[in-house]
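Understanding the architecture of this molecule
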There are 4 protein chains.
Amino acid sequence: MAGSVTGNIFKVMTWGESHGYGLGAVVDGCPAGIEIDEEYIQKDMDRRRPGGNKFGTKRNEGDKIKILSGVFEGKTTGTPISLAVINENQRSGDYGNIMEVFRPGHADMGFYKKYGFRDYRGGGRSSGRETLARVAAGAVARKFLSQLGISIKSYTLQIGSVKAEKKNIEDIFENQFFMPDKEAAEKAEALLKETSEKGDSLGGVVECVISGMPIGIGEPVFEKLDSSLAKAFMSIGAVKGVEFGGGFSVAEASGSENNDEFYMGENGKILKKTNNSGGILGGMSDGADIVARIAFKPTPSISQKQNTVDIHGENREIEIKGRHDPVIVPRAVVVTEAMAAITAADMMLMNLSANIENIKKVYGVV
Amino acid sequence: MAGSVTGNIFKVMTWGESHGYGLGAVVDGCPAGIEIDEEYIQKDMDRRRPGGNKFGTKRNEGDKIKILSGVFEGKTTGTPISLAVINENQRSGDYGNIMEVFRPGHADMGFYKKYGFRDYRGGGRSSGRETLARVAAGAVARKFLSQLGISIKSYTLQIGSVKAEKKNIEDIFENQFFMPDKEAAEKAEALLKETSEKGDSLGGVVECVISGMPIGIGEPVFEKLDSSLAKAFMSIGAVKGVEFGGGFSVAEASGSENNDEFYMGENGKILKKTNNSGGILGGMSDGADIVARIAFKPTPSISQKQNTVDIHGENREIEIKGRHDPVIVPRAVVVTEAMAAITAADMMLMNLSANIENIKKVYGVV
Amino acid sequence: MAGSVTGNIFKVMTWGESHGYGLGAVVDGCPAGIEIDEEYIQKDMDRRRPGGNKFGTKRNEGDKIKILSGVFEGKTTGTPISLAVINENQRSGDYGNIMEVFRPGHADMGFYKKYGFRDYRGGGRSSGRETLARVAAGAVARKFLSQLGISIKSYTLQIGSVKAEKKNIEDIFENQFFMPDKEAAEKAEALLKETSEKGDSLGGVVECVISGMPIGIGEPVFEKLDSSLAKAFMSIGAVKGVEFGGGFSVAEASGSENNDEFYMGENGKILKKTNNSGGILGGMSDGADIVARIAFKPTPSISQKQNTVDIHGENREIEIKGRHDPVIVPRAVVVTEAMAAITAADMMLMNLSANIENIKKVYGVV
Amino acid sequence: MAGSVTGNIFKVMTWGESHGYGLGAVVDGCPAGIEIDEEYIQKDMDRRRPGGNKFGTKRNEGDKIKILSGVFEGKTTGTPISLAVINENQRSGDYGNIMEVFRPGHADMGFYKKYGFRDYRGGGRSSGRETLARVAAGAVARKFLSQLGISIKSYTLQIGSVKAEKKNIEDIFENQFFMPDKEAAEKAEALLKETSEKGDSLGGVVECVISGMPIGIGEPVFEKLDSSLAKAFMSIGAVKGVEFGGGFSVAEASGSENNDEFYMGENGKILKKTNNSGGILGGMSDGADIVARIAFKPTPSISQKQNTVDIHGENREIEIKGRHDPVIVPRAVVVTEAMAAITAADMMLMNLSANIENIKKVYGVV
């Protein structure tokens, strides 16, 4: 079954493997007339790279995005936008024991059992590099949303046991974790160093905020805004949990505590005194910021010796070689923005047909 | 945009409002040759009713499901299975202040802003009764899955601040909360009584377990098993969070703690020493039980006075009359099973085309 | 696979068999705010019945449509519109030899081989009654289109060897064939009588015209207006050919003959001197009437003895009993309108997201 | 709306314009384990080029296909197969009067009105080069189908007024028109020369035959085999009509003439004495060859002077410069095969879930 396409109107199909020719995304259904260029997309691509904030030093200038179609004279034409990154290092390495052994915490066994064999080079399709294509497509979605006054911002709330508070959003570009909390970032750095030295890894939590979305976006009952966002976030490798607003903590709240009371703001806007809903009621945006939290598991590739099995049904030991991020959370921050943007773009387009008045406006019927 | 259809191959479309003629689901894409009858489906329908376990007393014999098509001589024919419940009480009540006032914590405002007006009778499409159709379709999916050795079981892990442990799964039919923990159920009962008397409400957490699924089910990269299940669960009204296996707690674990080591079991089966993955790796089933936890917010309909606004843009006070469940979690237990079953059925069918060997088996090609 | 759902945004799912409980359609994605009632839909339902024009005498008052959901206070609410007809005669007749024998020209064998068994009562899902649901959903689409100035009209151009000309469109309600040509209708009547007496049947050709569609509707390259309409028409039982504008005859024309020259009409409208394109260029509407012709095969149920085989793999003879329409074309006229309306409605909604200016109008962005 | 994706399980998304960076297709949902390489695909690509049969002389070695992903060690991996052709000549030419003038018979006006502006270089997305991507994806589908004993062959039955008969299928590679009739090919050549010298163009008819498909493929009622094929064929530029089996001529036949009688063949196979159905009954394959005819209009790009309008709403004259095929039919032959293959592949996969016995075979359930 086709699992590499997502979206109802704003559709994204991704392709590519970590050690193949390259990776890419094709965006179909992006409205015509939106200004976009490679430079705009590259900024998001760069944020995904190691040290992708001011703090870090870019190790090289790789992962260059190229627009292959769908943009003419600087604007989207309404036809498919093909985006690609060529892999710089396509040589087949020595995959040695990885070829036949299923790494714990990885998709190796699933791929092997599902398809009958697998591309064992660097994780193939389940590699973290797959998110390159999401980020590229997400940048297109983000540019479209910006035309409608919608913006998206993610940051890190937790690395291992170190929890951050949303103290100063400007600080996220000042530390390698994209944390809005300098002190927490320092603690996280120490913890990461310690963990890394033990050949171990860490997980964390990212918070994603969508601002500026009008009321009523999301399609009851199965294509709700929160259900679609949950699917989008959960499709990112290593994600184990998604929650909105109060999230799991609302289980302990009472209705009188949890309900957000409405009141009339200036300019006739309906506002809420609190935002326990995380900006979504009944699966539709309620005018407040949409707030999601996404839990990432620790990187499964660790250098410690682990027990496992191989494709021949034998028990084996494995030691994973090579350089692996001891925490993937910082690099995943922009990926959560990308998935939120792709989903929000689709939802904004789906909502166009909600009522006959919208449609009459487009077709100029009085 | 059409939001009332879900599924790629096993497709379900639901319809109906709480105070209209009735509610129903049409299941398209269910394989032919599966034995099913109204009695089988009715069992799940009954579990969704108040007091739907042995403990409770059924208040009446309502919500009778009827199969309108797609079943002939006791078996599914491969054509659409139309399922419907006629609403027994269709009379328009006195909706009074509800008509023009947006209830806090409800979808009223979203519906009004999205569609330009709304069906104000009992929540319309966002009523809890909408889940009737999900449960009916879910029973069809469950019957199909049972042919392949797959079963699904949900139970309550938390009501308000009262947390249960999975002590004895048989106990879930012995208390009104479907808790596998007698002591916790007693505490929850006391808490619920107290909260209810204050005109307030409670939320909770449900755990859903899918057993017997073969390895490799789920479609990378966007139609992963966990992303699809997350969407399905999150589409249930009042759900604010979904997590798998270790869930949010994995953020604090290290890789060496979190990775589940594989080993060879008897009969050549690959087993895992732990199940922190919740049965899903890389978006595909890993052979272990699939374990999800779903957080529900407290019922937003409370009898305490609340501040809000109306359709005219005026600040208002609202007191919600009528009988409302002070906690919806127990009735939602079977709904989580239904959504899991619908999703798992779809995923099992999607996987059929994963490799050429599967296909040759079906078409008898050597 | 689910084959009973159609549409991308304006989605229709149909269900039901000729001899089951009833038949119906659920329309999801219809915009809110459109006035509709059962009376409006019933008019189309009645046209589908034998003698469904002024000429004929209605044999009874059957096939009453009921709206089960999605309409409140006379207007669509944006939620699924469930439409159903209860079969008045559900008793199982004596299906005798039909049960095990595959009727030539029918889908019996296909159903049996595909699903492993089949509902042999009156054709089951492949019965002509299945089109009842299409007509009901089509009426909803037609009402929506009427809000945008779009109308659809079909009529019969051929019955067996008798060809009609489009002389007077008003005449179509004055003869049983819906022919816009009195003389041809008389000849067709004589031919039909003669054919019917021999226990044989006739086919024919229907022309369908969509008027008032703005320029640019249709989505290159796979969801073109003509390709989507072709699929819709070809999905009607007994259809063997679909063509637009010049159709098959364009194969013989030269480019200079076939190209429609553009010129500026009054009010700044772009017009065409001819309409060989049938109103569609490059898969998009070109502002002229959209003109399609649809070929129907003769009714396969004939009373003459035929050779065939049975489910046991034995050669058999069959004589089909019972009353069968010796020509289905007249009853199919309204079905072609319904399929055109469903498709056109979907295409009008799909086009909403074509460019950023459309979207800014809906969201009030300057 | 996304119009560049097709298929339910075997999904194809195409991208690219005639004068951009290149063109490509991504195939998602192709089963794993199928041997394929660039050489296999290139054969179909070459047939699409001018002089793509033995008769013609290849003008150059262009349109080289490259597999960018989804194939590992010579076999499909089950992940997206990205295919691309780099345009060799991307320089922007002098588009002069084409930029602002709508060419009669072309999609120019539709694109302009739909998207607000258009890529005027060589037709952009509506160029014949767009079919390159279809042919590449079609070759993948063809290779998959060959594993199941299914083959597809198209040939030309008509060029302008010259009709061919299916005399000798081997002859199709011996003339530039892919006609199975030497004499007709000679007449067509003379007619084409004469027409071309007048600055005019010709249309024609292609017949496509799918052999080896098992009984019961196709999904009633909207995803029928014929309706899906009709959509696929009609989506090819310049197609104005599609018919199956007897096609439009069945309108004149009687039921007793048109019904194909069944009989038992050797090996217990059900056969038919005739094939007026074109291999499809009730939307499902009936075991006979599937036979479709597809009508193409004459190339709209002619060098004769034509009247038209421009983007400013002024009447204009246009003379189209440059080299244009005076007939596109020969190059479209392989495109019809590609669209048939893509559709048939999807239908074969959709049918996998038709009944529980199929599914039990895949999952090894007894």
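Residues numbered from 1 in each chain as written. Chains lettered and ligands numbered in written order. Predicted model: local features only at pLDDT ≥ 70, side-chain atom pairs only at ≥ 80, totals over all residues. Heavy atoms only, no water.

This paragraph deals with the interface of chain A and chain D. At the interface, 41 residues of chain A touch 41 residues of chain D. In total, about 3400 Å² of surface goes out of reach between chain A and chain D, with carbon and sulfur atoms giving 71% of it. It is Met13, Phe72 and Phe117 of chain A that lose the most area in chain A upon contact with chain D, and together they represent 19% of the buried surface on that side. The interface formed by chain A and chain D contains 0 salt bridges. Where chain A touches chain D, the interface holds 10 residue pairs in polar contact (both at pLDDT 80 or more). Sorting the residues of the side of chain A that touches chain D by element identifies strand S2 (11–16), strand S3 (22–28), strand S6 (75–76) and helix H2 (108–115) of chain A as the ones contributing at least two each. Tallying contributions element by element places S2 of chain A first for the side of chain A that touches chain D, with 5 residues. Each residue belonging to the side of chain A that touches chain D can be placed in one class, and the counts come to 16 nonpolar, 15 polar and 10 charged. (Contact = heavy atoms within 4.5 Å. Buried area = accessible area lost by both parts, 1.4 Å probe. Salt bridge = Lys/Arg side-chain N within 4 Å of Asp/Glu carboxyl O. Polar contact = N/O pair within 3.5 Å; in protein donor to acceptor, adjacent residues only side chain to side chain. Helix = DSSP H or I, 4+ residues; strand = E, 2+ residues; numbered from the N terminus. Nonpolar A, V, L, I, M, F, W, Y, C, P; charged D, E, K, R; others polar.)

A separate point is the interface of chain B and chain A. With 109 residues of chain B in contact, the opposing surface of chain A contributes 109 residues. Between chain B and chain A, the buried area comes to about 8400 Å², and carbon and sulfur atoms account for 61% of it. Across the chain B-chain A interface, the total number found is 6 salt bridges. Note that Glu223 of chain B and Lys231 of chain A form a salt bridge whose closest N and O atoms lie 2.9 Å from each other. In this structure, the connection of chain B to chain A is made through 45 residue pairs in polar contact (both at pLDDT 80 or more). Residue classes in the side of chain B that touches chain A are distributed as 45 nonpolar, 41 polar and 23 charged. Pairing of strand S11 (residues 239–244) of chain A with strand S11 (residues 239–244) of chain B, which is carried by 3 bridges, proceeds in the antiparallel orientation. (Pairing = 2+ DSSP bridges.)

With an RMSD of 0.0 Å, chain A superimposes on chain D once it is rotated by 180 degrees and translated 0.0 Å along the axis. What the rotation and shift describe, once combined, is the action of a two-fold rotation axis. Within chain A, Met13 of chain A has its C-alpha nearest the rotation axis, a separation of 3.9 Å. Here 100% of the interface residues in chain A have copies in chain D that are interface residues too; the copies meet face to matching face. (Least-squares fit on C-alpha atoms with pLDDT ≥ 70 in both.)

The next thing to look at is the sheet that holds S3 of chain A. Hydrogen bonding along the main chain pairs the strands of a sheet, whether they run parallel or antiparallel. Here 5 strands make up an open sheet; going across it, the order is S1-S2-S3-S7-S4 (chain A) and the pairing antiparallel. What marks the edges here is a single partner per strand, and that holds for strand S1 (5–6) and strand S4 (66–67) of chain A.

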